[in-house]
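Architecture at a glance
One letter stands for each residue in the lines below.
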Protein chains: 2
Amino acid sequence: MKRTDRIAELIEAARGDAASDLVLKNARIVDVFTGRTMEAAVAIKNGHIAGLGEYEGAETVDLQGKYVAPGFMDPHVHIESSMACVSEFARTLVARGVTTVAADPHEIANVLGAEGIRYMLKSAEGQPVDIFFTLPSCVPATDLETSGAKMTVADLEPFMGHERVLALGEMMNFPGVIFRDPEVIAKVEMARRFGKPVDGHAPGLSGQDLQAYLAAGISSDHECTEVSEALERLRAGMHIMIREGTGARNVEALASIVDWRTAPRVMWCTDDRHPHELVEEGSIDHIVRKAIRLGVEPFAAIRVATLSPADYFGLKDRGAVAPGRLADLVVFEDLRKPEAAMVFKRGRLVAENGKMRPDISIPSPVEISPSMNADLSSLDFSVPAEGKTARAIKIVPDQIVTRQTFFEPDIRDGFALPDVERDILKMAVVERHMGSGKVGKAFLKGLGLRQGAIASSVAHDSHNIVVAGTNDRDMVAAVEEVVRMGGGLCFAREGRTAAKLALPVAGLMSTESVHAVSEKLDRLVGACKECGAAPKDPFMTLSFLALPVIPELKLTDKGLVDVGKFQFVPLFVS
Amino acid sequence: MKRTDRIAELIEAARGDAASDLVLKNARIVDVFTGRTMEAAVAIKNGHIAGLGEYEGAETVDLQGKYVAPGFMDPHVHIESSMACVSEFARTLVARGVTTVAADPHEIANVLGAEGIRYMLKSAEGQPVDIFFTLPSCVPATDLETSGAKMTVADLEPFMGHERVLALGEMMNFPGVIFRDPEVIAKVEMARRFGKPVDGHAPGLSGQDLQAYLAAGISSDHECTEVSEALERLRAGMHIMIREGTGARNVEALASIVDWRTAPRVMWCTDDRHPHELVEEGSIDHIVRKAIRLGVEPFAAIRVATLSPADYFGLKDRGAVAPGRLADLVVFEDLRKPEAAMVFKRGRLVAENGKMRPDISIPSPVEISPSMNADLSSLDFSVPAEGKTARAIKIVPDQIVTRQTFFEPDIRDGFALPDVERDILKMAVVERHMGSGKVGKAFLKGLGLRQGAIASSVAHDSHNIVVAGTNDRDMVAAVEEVVRMGGGLCFAREGRTAAKLALPVAGLMSTESVHAVSEKLDRLVGACKECGAAPKDPFMTLSFLALPVIPELKLTDKGLVDVGKFQFVPLFVS
């Protein structure tokens, strides 16, 4: 249909000159513009809202006074953290009333570069959630590890004009911005040239450094943890995304900044949510409920989940229940506890009572090349004893920072050994992009495992294979299983796989449902815990041990990194 | 300078790694994001704000605690109503702290079509105010009169992508929208395709008709006069521009709708301000003061004058005092009565104490073709008496609507005569675009003139020459003077010009200063009033008598129009 005909048809329905496709009667409409409700029918034509008032339609649904809000939007999320592919992620989100997301394919881009972005763009087609993207700005994060790809301005530019690309994604390299790294500035300039915002990521940045970061044209931040920090950013013109992920949870600390003055400049986001939390708690809907519980006025909490992100990205076709906008709607009973009873996407009922409807088909997973290219032919985790005292990475419970500690390993036949009694395991990072056979080795304190080994191809940001264990044999078995699965998580014991989760999409994502992934992951974690694993989620802990931008001591495939000094250090100190 | 270098220089200044060009010390910054003040210095580099904090600059101005707000923006104004050309309009506005406008060149486009728009675009270059445009959507307003131009989708489209074009201008033809006139829908679709908003203009539209107008994608309205009307529009997703022009003044009625909930969706605009009010009262600055006096919180009143219109048009580079944005700033003493003590445009001090600084040069007026093409060779205002009872247009004091009245004219030699004793004058509209010699004639009640005649080439919307007088000889003299001047206003008495104002630019605008125009106009009005003219501004009254879209009885060059029936009617009824 021609665009002009489509407009004419919508006007016709709005005037009541023609019947609408669908009319939602007896609705209590959440008006995010003035912060109150309006009792009226919602008329829908060709997937758009024609009008609010009294209408007749080919089909009618009596909402019996239930609330109708705009579909929620998540303005910053890494789909990869759900460990589900786009289709299954969409299935889970739409059931929660989230009808639009801006996803940052940072993880898959670190593995597969432009191919990963193309895969995500293609996967987004035909989903019951509108999946937009922000382009990963920092691939790779550092050159202290071997990544699967490097994305320069020239690599990103072909994507910048794509209709699904809303912004340049989180600019984590804030030193690159404020110290004017030409490649970083060129990326920012490119986004601005396309008229698209640049998402920020600048924990702790303040004062003149913050002013400099903003002067560059960075538009938002989702890393605030304190009120003073959030206020400094808001007042300097930054949009704030208040995050409630699986690890980082900032809503409780920041809910108090949300009022009608700040609401236009504030959004909720999930950033990283693991399958368990997506299934048990939800997504943006969970944040809205939590914010209301914490005292945010319901209308403001919903505005922050709808109109504010739509405005931020210039999406004029959504974010409110109003004529001309998409009929993306969430229906719920209790304004103080919005739980999606019905969800409409482009005027179609796609979910009911927390489940996507069975008549809604989601696209089959898109084909993608295997991402595992590890040379295991001479895999060897033995550590020659080059001294008496060695460094060990010490896990800080429930945090992604680590500490450095020192110990004297037992030495046998010239090799340094792990020591389960002292909770000192061996750890390694196996390069898996180039087939280089490169392996970084170290010792790890705090994992608590008394038997076996765990391995994972989810290892921020380069996603090499990280493995930690009580003995070399189980470590090898675990890594071999990860490679056999084309990526995934494994717990091996006594030389064979005890539990596993295949993540064949880039070594990051499953093609199973979020629910199935969540169950398998729970089983894996359970098996590790039975063998003594200390962290709440040992695989999550593992996935950050190879990230050399977070203090204090980390391991990459290239070796042990002192993050404070930003340089490699030897394993033995004396 | 390369854009990347410009960004790098701004970052450098923001970090304090290099000196700024200018630092405004001891500023009390109006923060429109959170609605409070911040005491800091404003650092400026290359015309942009580098940072807020403590800074050193090549030049320093100590503001001694004065307030610094973002430059004001007028999102809907017809420059032609100031009767000044773009340069002189800009000179007046910048002195008031208005640093950005979105002008709708509707009047000049009715006279000169695309050439008029090109003239305005060219005139906007190098001004101390950023002059953007909205494209006139309704040229001509009707085919009941002869206009100078017709602007179709094909005529508008070449301008739509211009960087100074922000939107499609006020869509006055709301029947065309809601009854799906294909040409009207095509114009709306075009603007949406370019990702630009469509300004509305829909007085009195309500219910399903309003929903239909919005379903088409109309974004704003500036015609609200009542709270209920404004709220209905806001809640349906419309942005509201609250207008305070010379004629239409809505701030008093609508100030109460402005609070922090609605502020992001509300703007102030002037629409039509005549030279006298621009000089005496001001522009958006006047509205801000009035709104505060009426109880709007100063921070909200300023947000509505700055960030809200910038956001509405997607102008991310202005609207707030924040790093990265243009250094368009207004400095004032009293937060409750902002009167521009200093105005900075792109970091340059351009105005002080209500006057543009003498060192600021404004561009010379751009060349434009003469617009007068009237055939006066057989000009004849005599009215053959084709009956006993004639219609007369009756002026309603201080309104643009008229009433129809009937009278029995004195008849001499077969011609119907005006009658000063009964306050019945003769009136005519002389076609002046095509040289057709077409003249519409009628009678007019309520002007009060006892001697002479007044004529004007400002006659909405087609701007033919409208003339009203006590006798044919003075009417001819007045029209001849208007043509001689290439357009303008004239009061003629005893067969010659008594007072005049030349408007050689399209017959609408002078090249003199707004101040000079205001004085000449005051003198003209004074002369008319001495001869009995009743309306506050008889030329303003005159300028709406040929507008056949405003009830009840109007006159065009084609004849007398019954606006209710939207058709021509004979002068004599019996």
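This report concerns the structure included in the present document.

In terms of helices and strands, chain A carries 17 helices and 31 strands. Relative to a compact globule of 574 residues, whose C-alpha radius of gyration would be 25 Å, chain A shows 25 Å and is just as compact. For chain A, the spread of C-alpha atoms along the three principal axes comes to 90 × 50 × 45 Å. Out of the 574 residues in chain A, the part that is buried amounts to 65%. Taking the intrachain contacts of chain A between residues at least 6 apart in sequence as the baseline, contacts between residues at least 24 apart amount to 68%.

To continue, consider the nonpolar core. Across soluble globular proteins, you tend to see nonpolar side chains buried next to one another. Counting residues in each nonpolar core, the largest one holds 328 residues, and the members touching the most others are A:Ile131, A:Met171, A:Trp268, B:Ile108, B:Ile131, B:Met171 and B:Trp268. Core analysis: the next-biggest nonpolar cluster, separate from the first, contains 20 residues, A:Ile29, A:Val61, A:Leu329 and A:Leu349 among them.

What follows deals with the packing of aromatic side chains. The tally for this structure, following the rule as stated, stands at 8 aromatic pairs over all chains. An angle of 85° between the planes, with centres 6.4 Å apart, marks the rings of A:Phe174 and A:Tyr213 as edge-to-face. With a gap of 39 residues between them, A:Phe174 in helix H6 (residues 174–178) and A:Tyr213 in helix H8 (residues 207–215) connect regions that are remote in the sequence. Relative accessible area serves as the criterion here: at 0%, A:Tyr213 is assigned to the buried category. Summarising the aromatic geometry, the rings of B:Tyr312 and B:Phe313 are spaced 4.7 Å apart at their centres and angled 70° between planes, so their arrangement reads as edge-to-face.

Right, let's get into the sheet that holds strand S21 (residues 410–412) of chain B. For sheets, the rule is that strands pair by backbone hydrogen bonds, running either parallel or antiparallel. Residue and element names in this part refer to chain B. The 3 strands are arranged S18-S22-S21 in an open sheet whose pairing can be described as antiparallel. Either end of the sheet is taken by a strand with one partner, and the two such strands are strand S18 (383–384) and S21. Pairing geometry for S18 and strand S22 (residues 415–417), over 2 bridges, is antiparallel. Each residue of the ladder has a partner; that of Val383, found in S22, is Ala416.

Moving on, we come to empty space enclosed by the protein. Residues and elements named next belong to chain B. Inspection of the entire model under this criterion finds 9 cavities of 30 Å³ or more. For the largest cavity, the lining is made up of 17 residues, of which Met83, His274, Val458, His460 and Ser543 are closest to its centre. Broken down by element, the residue count for the lining of the largest cavity peaks at 3 residues, all from helix H17 (residues 538–543). In terms of residue class, the lining of the largest cavity is built from 7 nonpolar, 6 polar and 4 charged.

Our next topic: the side chain of A:Ser518. All names here are of chain A. Residue position: Ser518 is located in helix H16 (residues 514–530). For Ser518, a relative accessible area of 6% puts it in the buried group. With residues near it in sequence (within four places) discarded, Ser518 still touches Pro275, His276 and Val279.

On to the pattern of salt bridges. All names here are of chain B. With the rule as written, the count across this model stands at 75 salt bridges over all chains. Here Glu56 makes a salt bridge to Lys25, at a shortest N to O gap of 3.5 Å. In this pair, Glu56 is assigned in the loop between strand S3 (48–53) and strand S4 (57–62) and Lys25 in strand S1 (residues 20–31), connecting sequence segments 31 residues apart. Glu56 gets classed as exposed once you look at its relative accessible area, which sits at 54%.

What follows concerns the interface of chain B and chain A. Counting residues at the interface gives 61 residues for chain B and 61 residues for chain A. For the pair chain B and chain A, the summed buried surface comes to about 5200 Å²; carbon and sulfur atoms form 54% of the total. Between chain B and chain A we count 12 salt bridges in total. The shortest N-O distance in the salt bridge between B:Glu189 and A:Arg3 comes to 2.5 Å. The interface formed by chain B and chain A includes 20 residue pairs in polar contact (both at pLDDT 80 or more). Mapped onto the side of chain B that touches chain A, the elements with two or more residues apiece are helix H1 (3–15), strand S2 (36–45), S3, helix H6 (174–178), helix H7 (182–193), helix H8 (207–215), helix H9 (227–235) and helix H14 (307–312) of chain B. Take the side of chain B that touches chain A: its biggest share by element is 9 residues, from H1(B). A class-by-class count of the residues in the side of chain B that touches chain A yields 28 nonpolar, 12 polar and 21 charged.

Turning to the relation of the copies chain B and chain A, a few remarks are in order. Expressed as a screw transformation, the operator carrying chain B onto chain A has a rotation angle of 180° and an axial translation of 0.0 Å, and the superposed copies differ by an RMSD of 0.1 Å. What the superposition gives is, in effect, a two-fold axis relating one chain to the other. By C-alpha distance to the rotation axis, the residue of chain B lying nearest is B:Trp260, at 2.9 Å. Comparing interface residues between copies, 100% of those in chain B also lie at the interface in chain A; the contact surface is shared.

The next subject is helix H13 (residues 298–305) of chain B. Judged by how many residues are buried, H13(B) sits mostly within the fold: 8 of 8 residues are covered. Of all the residues in H13(B), the buried ones are B:Pro298, B:Phe299, B:Ala300, B:Ala301, B:Ile302, B:Arg303, B:Val304 and B:Ala305.

Its place among the elements puts A:Pro358 in the loop between strand S17 (355–356) and strand S18 (383–384). Once the C-alpha coordinates of A:Pro358 and A:Ser382 are considered, the two residues, 24 residues apart in sequence, prove to be 52 Å apart.

All names here are of chain A. One open sheet accounts for 3 strands, arranged S29-S30-S31; its pairing is antiparallel. The strands lining the two open edges of the sheet, one partner per strand, are strand S29 (553–556) and strand S31 (567–569). Adjacent strand axes in the sheet meet at a mean angle of 45°, parallel and antiparallel pairs treated alike. Summarising the sheet, S29 and strand S30 (residues 559–562) pair through 4 bridges and their orientation is antiparallel. Considered in S30, the bridge of Thr556 is made with Gly559.

Conventions and cut-offs
- Residues numbered from 1 in each chain as written.
- Chains lettered and ligands numbered in written order.
- Predicted model: local features only at pLDDT ≥ 70, side-chain atom pairs only at ≥ 80, totals over all residues.
- Heavy atoms only, no water.
- Helix = DSSP H or I, 4+ residues; strand = E, 2+ residues; numbered from the N terminus.
- Rg over C-alpha atoms; globule rule 2.2 N^0.38 Å.
- Buried < 20%, exposed > 50% of the residue type's maximum accessible area, 1.4 Å probe, protein only.
- Contact = heavy atoms within 4.5 Å.
- Core = buried A, V, L, I, M, F, W, Y, C linked by side-chain atoms within 4.5 Å.
- Phe/Tyr/Trp six-rings, centres within 6.5 Å; stacked < 30°, edge-to-face > 60°.
- Pairing = 2+ DSSP bridges.
- 1 Å grid on protein atoms, 1.4 Å probe; cavity = no way out; pocket = protein on both sides within 12 Å on 5 of 7 lines; lining within 4 Å.
- Points joined across faces, edges and corners; volume = space filled by probe spheres on them.
- Nonpolar A, V, L, I, M, F, W, Y, C, P; charged D, E, K, R; others polar.
- Salt bridge = Lys/Arg side-chain N within 4 Å of Asp/Glu carboxyl O.
- Buried area = accessible area lost by both parts, 1.4 Å probe.
- Polar contact = N/O pair within 3.5 Å; in protein donor to acceptor, adjacent residues only side chain to side chain.
- Least-squares fit on C-alpha atoms with pLDDT ≥ 70 in both.
- Axes fitted to C-alpha atoms, helices over the stretch in contact; angles between N-to-C directions.

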